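Breakdown of the fold
Listed below, chain by chain, are the residues.
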Amino acid sequence: MLDHCSIFHKGGLVLWSRSFTPAASQLATSTASPVNSLIRDALIEGRTADEKYEKDGYAVKWTFVNDLELIFVVAYQRILQLTYVDDLLAALKTLFVKLFEPFLATFVASLHAVNSKAVAVSNAASEATSWNFAKAFEGWDAVFDKLLRGLEEKAAVDRKSRLRPSTRPAIESPSTGSSDVDTAPTESSAIAIDEQQISRNVQALKNRLRGRGGRHGAKAMARTDSGSGRDSHPGSDSDTTVKRKTKGKTLRKWGDEAPTESDMASLDFSYDKLSDVEGYQGGSLDVQALVDEASLGTRTKDGLYEVKDWEFGKNASETDAAISEALSSTKTAQPAAASGSLGALGSIFARLTGSKVLTEDDLKPVLEAMKQHLMKKNVAKDIAEKVCEGVGESLVGKKVGGFQTTNAAVRQALSNSITRILTPKTSTDLLLSIRTKLSSPLASTQQRMPYSITFVGVNGVGKSTNLSKVCFWLIQNGFRVLIAACDTFRSGAVEQLRVHVRNLGMLGVNGAGDSKGRVELYERGYGKDAAGIAKEAIAYGRDNDFDVVLIDTAGRMQDNEPLMRALAKLVSVNNPDKILFVGEALVGNEAVDQLTKFDRALRDFSSSGAVGKGRGIDGMLVTKWDTVDDKVGAALSMTYVTGQPIVFVGTGQTYTDLRQLRVANVVQAILSD
């Protein structure tokens, strides 16, 4: 059992510590603690070549992360032979740096900045104490406990296996310790069984070949189980086996008479019956099955409902994977881990060392590696090349200092380039746009038109599902929403929206209650003109005081010109206030092709026969965002192509699984190793 574990900076600041016994906790705060003795007797004097330091019955082991100036220390009772301490130190170093490297790099850089300005020691101390380590390292205690528990269990298993080495030969020895007389019957019986099986198979094959033209014919061949020896042909050895007659499928009876009501009920497999709906409880649906309380948004002081921001962080799965990797690592891998802790991008930037003026030849291999890193993050190839070209242009002729300066300079240049691309050129506040239109003054003879949003995209990306999420968000903000079913091609599209409207009608403004008057579905069946249905829906919404009309369109491939012309007709006829392209986060290069052709087709075809420039994509809604982890390059590709912002991202299958994107979080995910 450990007594103490701590992580501290070489300057003396303790970042994190843990004592496992009351005595160790009391000792850790005194000058006689084994860690303080280690610092005085070994670290300050430079005697760090020893593998272990012993003091007052304690054994202390340590390791360094030199580029971040960190020291990891573990203290335990010397009498205990803990075999996992070295593995624990290596895993601690790997995990801690992997989880908190951005914060640690900023922290070390700030300390160097304070020292370089020759600030007084008191000011430096106050600067250091302003760091909130408890908040920065939140969640580390749970990671440490899980790692320590795994290593202790692994050590216990190894110890048990060493204590009983003689039991394994006893299990394996009967075949070698027994006489030949004992083993002979077993071998002969096995050989006999094999020979009988082979002979039966050969005879069955002969019977099949002989009976091909007989009355059994191909049907017998189809029913025969080759190699099983269970043939039903006469003369085979398998005739003695019991014949098993499998129960066939009960045939459906078709007759000339009209079906009865009971027959019709048994043949009704539609989804309209509420009793068949998952989550149905007696007279209503279970609200908990429709919304996820954990992903529910927040209310502002003004009463507005805001969806949560998508945050990039080390979630449980990433942490578990890192712990598993650390537990599976061996001591032979420790030198490789200790050689550098700045990850893939750090190894790229390490090529630019020394104080010199950067040239194109210096940056060429670095930019190529940077392009590969962006492509691994799902950034389209053309976009990755253009981003790297911009980074290279900003760095050529710049003088950099040591490794840390170079690392910071290149990272900052890449971060600035990505930030410029992702920063919206237009407002992403849909609520503000809706309220502005609804509150604008009108002439007494005019009726107020509802705010209309059209959802477009290729097949199967989740337009209808995410339209319902946006509808839930609008309902929570007090708007009356009309959904126009303009997908008149896909089977079940209208029924899908009907189910969503029914579910949303059971959710009140605060996520429970009843809001049937706040959402309706406008449908005209299948095979109709989508542009005409959208026009009728907007007029219906105007006459019935609906605030927002959400127009669902059929999915279509970007190369299908007739369907793209039909979509452009819908846009030109109805002139929606917002056109949202719905795309998947899983696509890479395809995102560029889809967005480019959708935007170009809408602009070209919607402007034909009309005065002025055609309408293009106004924003994006990226679906399946929860499936890509940190490979969020599709957001960079989509924004680069159109210059339009990403309004929402879909992160799940309930109505609350909608998120807003923050540029800083996307940049952090793209730059992560």
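Residues numbered from 1 in each chain as written. Predicted model: local features only at pLDDT ≥ 70, side-chain atom pairs only at ≥ 80, totals over all residues. Heavy atoms only, no water.

**Description of the overall build of the chain**
Scanning the chain from terminus to terminus reveals 25 helices and 20 strands. Looking at the chain as a whole, 40% of its 673 residues qualify as buried. Residue pairs in contact within the chain that sit at least 24 positions apart in sequence constitute 71% of those at least 6 positions apart. Approximately 36,400 Å² of the chain is accessible, and the part contributed by carbon and sulfur atoms is 52%. (Helix = DSSP H or I, 4+ residues; strand = E, 2+ residues; numbered from the N terminus. Buried < 20%, exposed > 50% of the residue type's maximum accessible area, 1.4 Å probe, protein only. Contact = heavy atoms within 4.5 Å. Areas by Shrake-Rupley, 256 points an atom, 1.4 Å probe, with all protein chains shown as cover.)

**So, the packing of aromatic side chains**
Two descriptors summarise a pair of aromatic rings, namely the distance from one centre to the other and the angle between the planes of the rings. Per the stated rule, a full pass over the model turns up 21 aromatic pairs. Plain terms: the ring middles of Phe103 and Phe137 are 5.4 Å apart, the flat faces sit at 85° to each other, and that makes the pair edge-to-face. Residue Phe103 is located in helix H3 (residues 85-116), and its partner Phe137 is located in the loop between helix H5 (133-136) and helix H6 (140-163); the two are separated by 34 residues in the primary sequence. Arranged with centres 6.4 Å apart and planes meeting at 20°, the rings of Phe472 and Tyr655 form a pair that is stacked. One end of the pair, Phe472, is in helix H19 (residues 463-476); the other, Tyr655, is in the loop between strand S19 (646-650) and strand S20 (658-660), with 183 residues separating them in the sequence. (Phe/Tyr/Trp six-rings, centres within 6.5 Å; stacked < 30°, edge-to-face > 60°.)

**A look at a negative patch on the surface**
Together, Glu360, Asp361, Glu389 and Glu393 give the surface a local cluster of negative charge. The class of Glu393 is exposed, set by a relative accessible area of 65%. (Patch = residues over 30% accessible without salt bridge, like charges linked within 9 Å, V, L, I, M, F, W, Y side chains within 5 Å. Salt bridge = Lys/Arg side-chain N within 4 Å of Asp/Glu carboxyl O. Lys, Arg positive; Asp, Glu negative; His and termini not counted. Charge placed at Lys NZ, Arg CZ, Asp CG, Glu CD.)

**As for the packing of helix H15 (residues 360-376) against helix H16 (residues 381-395)**
Packed helix pairs are specified by the crossing angle of their axes together with the interaxial distance, meaning the distance between the axes. For the pair H15 and H16, the least separation of the axes is 9 Å and the interaxial angle reads 145°. Crossing angle aside, the handedness with which H15 passes H16 is right-handed. Contacts between H15 and H16 involve Leu363, Leu367, Met370, Lys371, Leu374 and Met375 from the former and Lys381, Ala384, Glu385, Val387, Cys388, Val391, Gly392 and Leu395 from the latter. Class assignment for the residues of the contact of H15 with H16 results in 10 nonpolar, 1 polar and 3 charged. (Axes fitted to C-alpha atoms, helices over the stretch in contact; angles between N-to-C directions. Left-handed = near helix turned anticlockwise from the far one by under 90°. Nonpolar A, V, L, I, M, F, W, Y, C, P; charged D, E, K, R; others polar.)

**So, the environment of Ile71**
Residue position: Ile71 is located in strand S5 (residues 70-77). Assessed through its relative accessible area of 5%, Ile71 is described here as buried. Taking C-alpha positions, Ile71 is 9.7 Å from Gly12, a pair spaced 59 residues apart along the chain. Look past the residues within four positions of Ile71 in its chain and what remains in contact with it is Ser6, Ile7, Phe8, Lys10, Leu43, Thr63 and Phe64.

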